[in-house]
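If you want the building blocks of each chain, they are given just below.
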Amino acid sequence: MPSPTSHTQNDGRPRLDAATAAVRLGVRRSLESCSADAAVLACVSGGADSMALAAALAFEAKARSIRVHSITVDHGLQPGSGTVAERTAQTLATWGIEAHIEQVTVTDAGGPEAAARNARYRAIDAVADRTGVELVMLGHTLDDQAESVLLGLARGSGAGSLKAMVPLNGRYARPLLGVRRKQTRDSCMARGIEVWDDPQNDDDAFARVRARRIVLPVFEKELGPGIAEALARTAEQSREDEDAFEQMIEEFIEEVCEPAEAGIAVEVSALAHNPAALRNRLIRYVAQAEFGASLSRTHTLAIAALVTDWRGQGPINVPGISVSRRGDRIVFTAAEKA
C-alpha cells in the first residue's frame, strides 16, 4: 500500500494534488489547537473520507511531533467486516499510525442507525480515554454537512438542528467540513490509497442515502449547482445564531430563575416581555439543563401558553417534567414516577 506521501515528481519531491492539499489544510487548521507532543485519534472506517483524513493527519502530524492513533470500529453487521478492519489497520500502521480495532455489539434499540452510532461512539470514547488524546478527528465532509441540514429541514427540527455538525465539539474535531466528498476520493486516487466502499452507503432504506443519491441531485439539476455549498453555509449561519442565543440565555437565565421545591421557577414577566423566539428557547433551556429533557415544539408552546394565554389551566405534563403557573412564577418540577 503506498504511503500518504507517495507519487513523486521527476525531481523526487512528492507531487501535491489539489484535493490532497485541501484535505491537509483542513487537518492542519484542526491541529492548531493541539499542544506540543499531543496525541490525536483518527476515526477510520476504510472509506475514502476517513482514509484521506488519516493520510493527511499522518503527514501533518510529523512537523508538530504529534502522535497519531486510529480506531477502526468493527460493528459486525456485514460479512467480511473483520477483514476490512484488519486491512485498514495494517495500512494505517505502515503510515506510522498506532492502529486500534474495536469490535462492538449493536442492538436494535433506537433503530439500526442510532444503535450502530451509539456503539461506535462508546468504543471511540473508550480508546480516546485509554490513549489520552487531545483530539478525536472524524471524516465528515461538506457533503455530509449538507445532508444533515437537508434532513433537519425535512423533519422541521428548528434552527438548532440546522447548525448540523460543528467543526469542534469538546475533543471531537471535524477537519473536513469544508472539503467535498469527491475531493477525498480524488486524494486517495492521487496517492494510490485503496479504499473500502460501504454497501450501506448505497442502501436507499436509509434517509441519508436517499438524500445523497436522489434528493440533492434533483436539487442540483432543477435549481443549479452549488446546493451542497449553500446548505453548508446555512449550517454556519445557523450555528452563529444559535451560539449567540445560547450565550444570551446563559447570561439571562441566572437573573430570572430561582430554586423551587423539587425544581426551578422562572419569572412570568421575564418570559412575557421577551420575543417568542427567546421565550421558547428559555423554556427549552430550563427543561434540558435542569431535567435533561428535550421538548418538542408542541410541548414548548403548551408551556409558553401558561405565560401568553393564561386562563387558569392546570399543570402541563411533558416527559419527565410537570410545569405549572403559581402566581408570578412558572414552576418546573420533576414528574412523579408511576
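Focus: the packing of helix α11 (residues 276–291) against helix α12 (residues 297–308)
Right, on to step 1. Two numbers describe how α11 lies on α12: the axes approach to 10 Å, and their chain directions differ by 110°. It follows that α11 is roughly perpendicular to α12 by the angle criterion. Crossing of α11 over α12 shows right-handed handedness. Counting all contacts with α11, which are made through Arg279, Asn280, Ile283 and Arg284, the residues of α12 involved are Arg297, Thr300, Leu301, Ile303, Ala304, Val307 and Thr308.
Right, on to step 2. Residue classes in the contact of α11 with α12 are distributed as five nonpolar, three polar and three charged.

Concerning the packing of aromatic side chains
Right, on to step 1. In this structure the tally under the stated criterion is one aromatic pair.
Right, on to step 2. Between the aromatic rings of Tyr121 and Tyr172, the centroid separation amounts to 5.5 Å while the plane-to-plane angle is 55°, which identifies the pairing as tilted. Taken together, the residues span a long stretch of sequence, with Tyr121 in helix α4 (residues 112–131) and Tyr172 in strand β6 (residues 172–173) at a distance of 51 residues.
Right, on to step 3. Positioned above the aromatic ring of Phe245 is the side chain of Arg281, whose terminal nitrogen or guanidinium carbon lies 4.0 Å from the ring centre.

Some thoughts on the side chain of Asp144
Right, on to step 1. One can find Asp144 in helix α5 (residues 142–155).
Right, on to step 2. For Asp144, a relative accessible area of 10% puts it in the buried group.
Right, on to step 3. Among the polar contacts listed, one links the side chain of Asp144 to the backbone nitrogen of Thr141, at a separation of 2.8 Å.
Right, on to step 4. Aside from chain neighbours lying at most four places away, what touches Asp144 is Asp49, Gly139, Met165, Arg181, Arg208 and Arg212.

Section: the state of the cysteines
Right, on to step 1. Tallied over the full model, the rule gives zero disulfides.
Right, on to step 2. You can see Cys34 has no disulfide; the closest cysteine sulfur is in Cys43, sitting 14 Å from it.
Right, on to step 3. Residue Cys188 stays outside any disulfide, its sulfur separated by 16 Å from that of Cys43, the closest cysteine.
Right, on to step 4. With a relative accessible area of 3%, Cys188 lands in the buried category.

A short note on the pattern of salt bridges
Right, on to step 1. Counted according to the given criterion, the structure contains 19 salt bridges.
Right, on to step 2. A salt bridge links Glu60 to Arg28, with the shortest nitrogen-to-oxygen separation between them at 3.0 Å. Of this pair, Glu60 sits in helix α2 (residues 48–63) while Arg28 is found in helix α1 (residues 18–31), placing the two residues 32 residues apart along the sequence.
Right, on to step 3. Among the salt bridges present, the one from Glu229 reaches Arg180, with a minimum N-O distance of 2.7 Å. Note that Glu229 is positioned in helix α9 (residues 227–256) and Arg180 in the loop between β6 and α7 (181–191), a separation of 49 residues in sequence.
Right, on to step 4. With a relative accessible area of 28%, Glu229 lands in the partly exposed category.

The rules we used
- Residues numbered from 1 in each chain as written.
- Predicted model: local features only at pLDDT ≥ 70, side-chain atom pairs only at ≥ 80, totals over all residues.
- Heavy atoms only, no water.
- Axes fitted to C-alpha atoms, helices over the stretch in contact; angles between N-to-C directions.
- Helix = DSSP H or I, 4+ residues; strand = E, 2+ residues; numbered from the N terminus.
- Parallel < 35°, antiparallel > 145°, perpendicular 65-115°, else oblique.
- Left-handed = near helix turned anticlockwise from the far one by under 90°.
- Contact = heavy atoms within 4.5 Å.
- Nonpolar A, V, L, I, M, F, W, Y, C, P; charged D, E, K, R; others polar.
- Phe/Tyr/Trp six-rings, centres within 6.5 Å; stacked < 30°, edge-to-face > 60°.
- Lys NZ or Arg CZ within 6 Å of the ring centre and 35° of its normal.
- Buried < 20%, exposed > 50% of the residue type's maximum accessible area, 1.4 Å probe, protein only.
- Polar contact = N/O pair within 3.5 Å; in protein donor to acceptor, adjacent residues only side chain to side chain.
- Disulfide = S-S within 2.5 Å.
- Salt bridge = Lys/Arg side-chain N within 4 Å of Asp/Glu carboxyl O.

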